[in-house]
Amino acid sequence: MGVNVYASATEDGSDGSGQGGNSAVTIDCPDVGSKLTDVPEQASPEVARELALLDEQIAEAYRKLQESAESVRQDAEFADNAVMDPLKEKRGATIQRIADSIDRAGDRPEGLEDLAACTLRANDDQADEGADGNGDENQNGDQAGDDQNGDGDQNGGDQQGDQGQQGNGGQAGNGPVAADYADINAVQPTQQTPDPSSGPSRGTFATSCGVNANGVFNSDNVIVAPGVTNGAHHFHDYVGNQSNDAFASDDDLANADTSCVDQGDKSTYYWPVLRLQNGNQEQDAQKPGGGIEGNAGEIVTPKEVTLTFVGNPREKVTAMPRLLRVITGDAKAFVNGTANANASWSCTGFEDRQLKDKYPLCPSGSDVVRSFRFQSCWDGSNIDSANHRTHVAFAAADGTCPNGFKAVPQLVQRIVYDVDAPSLQDGGKTTPLFAVDSFPEQLHKPVTDHGDFINVFDEDLMGEMVDCINDGRTCGAGTGGGDNGGGDNGGGADNGGDNGGADNGGGADNGGGADNGGGADNGDNGGGADNGNGNAGNGSGEGTQEPSQAPEQPATTEPDASGNGAGGAPATADPRVYTKPSAKAATSAPAVGSGGEIGSPATAAPAATPEQSQTPAGTGADTTVPGGTEPQAVQGGLAETGANLWPAAAGGLLVIAGFGVLFRNARRKY
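This is a predicted model, so every value here is computed, not measured.

Reading the values: the criteria
Residues numbered from 1 in each chain as written. Predicted model: local features only at pLDDT ≥ 70, side-chain atom pairs only at ≥ 80, totals over all residues. Heavy atoms only, no water. Helix = DSSP H or I, 4+ residues; strand = E, 2+ residues; numbered from the N terminus. Buried < 20%, exposed > 50% of the residue type's maximum accessible area, 1.4 Å probe, protein only. Polar contact = N/O pair within 3.5 Å; in protein donor to acceptor, adjacent residues only side chain to side chain. Contact = heavy atoms within 4.5 Å. Axes fitted to C-alpha atoms, helices over the stretch in contact; angles between N-to-C directions. Parallel < 35°, antiparallel > 145°, perpendicular 65-115°, else oblique. Nonpolar A, V, L, I, M, F, W, Y, C, P; charged D, E, K, R; others polar. Core = buried A, V, L, I, M, F, W, Y, C linked by side-chain atoms within 4.5 Å. Phe/Tyr/Trp six-rings, centres within 6.5 Å; stacked < 30°, edge-to-face > 60°.

**Concerning the side chain of His450**
Here's step 1: Residue placement: His450 occurs in strand S20 (residues 450–454).
Here's step 2: Of the residues examined, His450 reaches a relative accessible area of 5% and is grouped as buried.
Here's step 3: Side-chain polar atoms of His450 contact the side chain of His234, separated by 3.4 Å.
Here's step 4: Within the local environment of His450, its side chain forms a polar contact with the backbone oxygen of Thr448, the two atoms lying 2.9 Å apart.
Here's step 5: Sequence-distant contacts of His450, defined by excluding residues within four places in its chain, comprise His234, His236, Trp271, Pro272, Thr328, Gly329, Asp330, Ala331 and Phe372.

Put into structure tokens, the structure is as follows:
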């Protein structure tokens with residue numbers, strides 16, 4: 001069984017030999033954790049440890065598969081005998097312990113033993129039994145790769161040159177590949193029904209917590225795998241709360257330092273790091289969760305991070321409970337399918353176009369944007385659940401929460417990166433590939449992107465947030481106005497050790513530079529922020545639509561020639577974002593927000609490289625939007641001013657000369 005999949009996946013010549021292994025084949029195991037919807041509290045710690053062990057077993061089996069590529073080719077039974085059968089045996093024993101633990105405290109779950117067996121699967125064979133039902137994740141075939149590479153080879157050639165990358169995908173050989181990218185110009189804009197122009201909770205509350213410039217990283221996940229080192233098997237960026245490791249208790253979180261400007265926000269915000277596959281060795285190169293598990297390359301510090309809480313178009317929001325845990329997206333979506341996927345990728349100036357299963361190739365002058373819209377309905381009683389999902393839910397298109405659920409402020413994260421479109425034609429040798437960290441068997445697929453949040457707002461500040469949103473105002477330390485100051489990841493605490501050994505204390509000050517309040521728009525904040533005040537991003541000055549809370553399918557219309565989406569909603573104050581300096585003169589202001597949390601894979605058609613394609617909105621293209629405000633001309637160079645004034649000056653001199661002639665003639669007469 002295993003060898004057949006392996007052979008068919010390597011027919012294109014990417015033999016999987018060498019340092020990088022083989023990204024053409026991965027291991028697909030049923031997700032036991034997602035099946036556990038009812039775990040007694042007394043069994044939870046043991047179950048969490050055993051679930052983390054299942055992840056470790058898969059990671060170990062995947063490493064062995066990579067290292068044994070030659071043996072698999074030579075021996076038809078090697079993959080099954082040496083990798084897959086032992087994995088099934090280990091999983092079976094672990095699953096048995098999980099069932100026993102639950103049985104001791106409650107009802108024994110049924111059918112778990114059927115989840116022990118795993119399969120080998122080709123890279124481009126994504127499970128997709130989830131929400132969209134539109135086929136597998138790579139339904140576009142080699143669209144990105146065909147256009148960029150000419151020969152249709154996913155891997156963009158077979159050489160990575162001196163940068164140490166492998167032709168079969170990425171610096172560590174487990175992805176990404178050329179087919180994981182799509183030109184944003186070829187993506188069809190989202191057709192979104194505007195939210196009601198008024199409603200019971202249309203305000204926004206923004207918080208500013210830095211960009212993690214001091215490098216608070218680890219490969220733990222205190223929500224999913226508490227008490228387990230390297231429970232995530234990939235590295236996370238952290239902003240906000242500074243006590244972020246697998247062993248942080250509720251008291252640790254409550255008493256921690258925070259990187260947020262408003263010290264009443266000690267919430268934890270984290271997401272997988274983005275890396276350049278450029279051959280650089282980070283501090284985690286030889287560590288679990290890092291290079292050992294295929295997460296290699298230079299970690300990119302975000303250029304901007306915006307954290308905004310928005311309301312509900314149907315009802316007033318209620319306060320989030322303290323220590324509420326929320327996970328959005330699915331770190332295993334490549335093998336699990338897209339039922340829980342919530343990745344959104346785009347480019348500044350093109351944010352009416354969202355990619356769910358591709359990384360965007362942005363034109364010159366445009367930055368990569370990843371965004372998350374978290375669940376906004378709470379069950380009213382639990383701060384977490386056995387599978388970390390059933391205690392929260394997404395609202396329907398009209399804002400309706402499921403029966404028994406309450407509307408709470410919805411967290412919208414927007415993260416911007418100053419990275420260039422990779423050179424797919426040479427596998428990233430000229431301009432490196434970029435990708436998020438992932439579980440090793442998930443191959444760095446963009447659909448696996450996800451975000452995590454733990455609410456540690458103090459009660460007074462949470463009350464202010466709720467009042468602000470329900471009153472329809474724009475509030476918070478992240479709102480434009482004065483300089484937010486403060487230090488990124490402040491507090492001066494040393495967060496080394498499990499954070500990769502780096503001192504994450506109050507080193508560099510990330511917040512005290514330029515005031516970004518009026519520049520970059522938050523896009524998805526639901527507040528209709530205005531982009532027109534000299535913002536180079538959208539140029540047209542139209543307000544952004546408030547995004548729908550409902551999951552939406554990608555639109556099927558052709559891209560607008562101007563690169564802009566539709567807009568025109570009334571504008572309010574711009575939420576503030578933290579930024580770090582960039583060499584680009586690019587805009588970071590989004591176009592119209594795309595709305596929904598979950599969507600089907602994008603249907604981008606083959607297109608020219610971004611450099612050959614249209615410019616982003618506001619960089620020279622026609623920015624007139626039906627129903628929106630016409631662009632306001634911004635002029636005023638000295639030469640232009642002189643050119644406009646000299647005819648008037650000349651006319652004035654002629655009038656004065658005429659008066660002089662009349663005066664002299666009058667004197668002669670008298």
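**A look at the packing of helix H3 (residues 44–67) against helix H5 (residues 78–105)**
Here's step 1: For the pair H3 and H5, interaxial distance at closest approach is 9 Å and the crossing angle is 175°. Taken together, H3 and H5 sit at an angle that is classed as roughly antiparallel. For the pair formed by H3 and H5, the contact residues are Glu46, Val47, Glu50, Leu51, Leu53, Leu54, Gln57, Ile58, Glu60, Ala61, Lys64 and Leu65 on the first element and Ala82, Val83, Leu87, Lys90, Arg91, Thr94, Ile95, Arg97, Ile98, Ser101, Ile102 and Arg104 on the second.
Here's step 2: For the contact of H3 with H5, the residue count by class is 13 nonpolar, three polar and eight charged.

**A closer look at the nonpolar core**
Here's step 1: Judged by nonpolar contacts, the single largest core of 60 residues is most densely connected at Phe205, Tyr269 and Phe309.
Here's step 2: Sort the elements by how many residues they give to this core and helix H9 (residues 459–470) lands first, with six residues.
Here's step 3: Counting 18 residues, the second-largest nonpolar core is a separate cluster that includes Ala61, Val72, Val83 and Leu443.

**Overview of the packing of aromatic side chains**
Here's step 1: Counting across every chain of the model gives nine aromatic pairs.
Here's step 2: Summarising the aromatic geometry, the rings of Tyr181 and Phe434 are spaced 5.5 Å apart at their centres and angled 85° between planes, so their arrangement reads as edge-to-face. Of this pair, Tyr181 sits in strand S3 (residues 181–183) while Phe434 sits in strand S19 (residues 434–436), and the two are 253 residues apart along the sequence. Each member of the pair Tyr181 and Phe434 is classed as buried.
Here's step 3: Geometrically, the ring pair formed by Phe205 and Phe457 is edge-to-face, given 6.4 Å between the ring centres and 70° between the ring planes.

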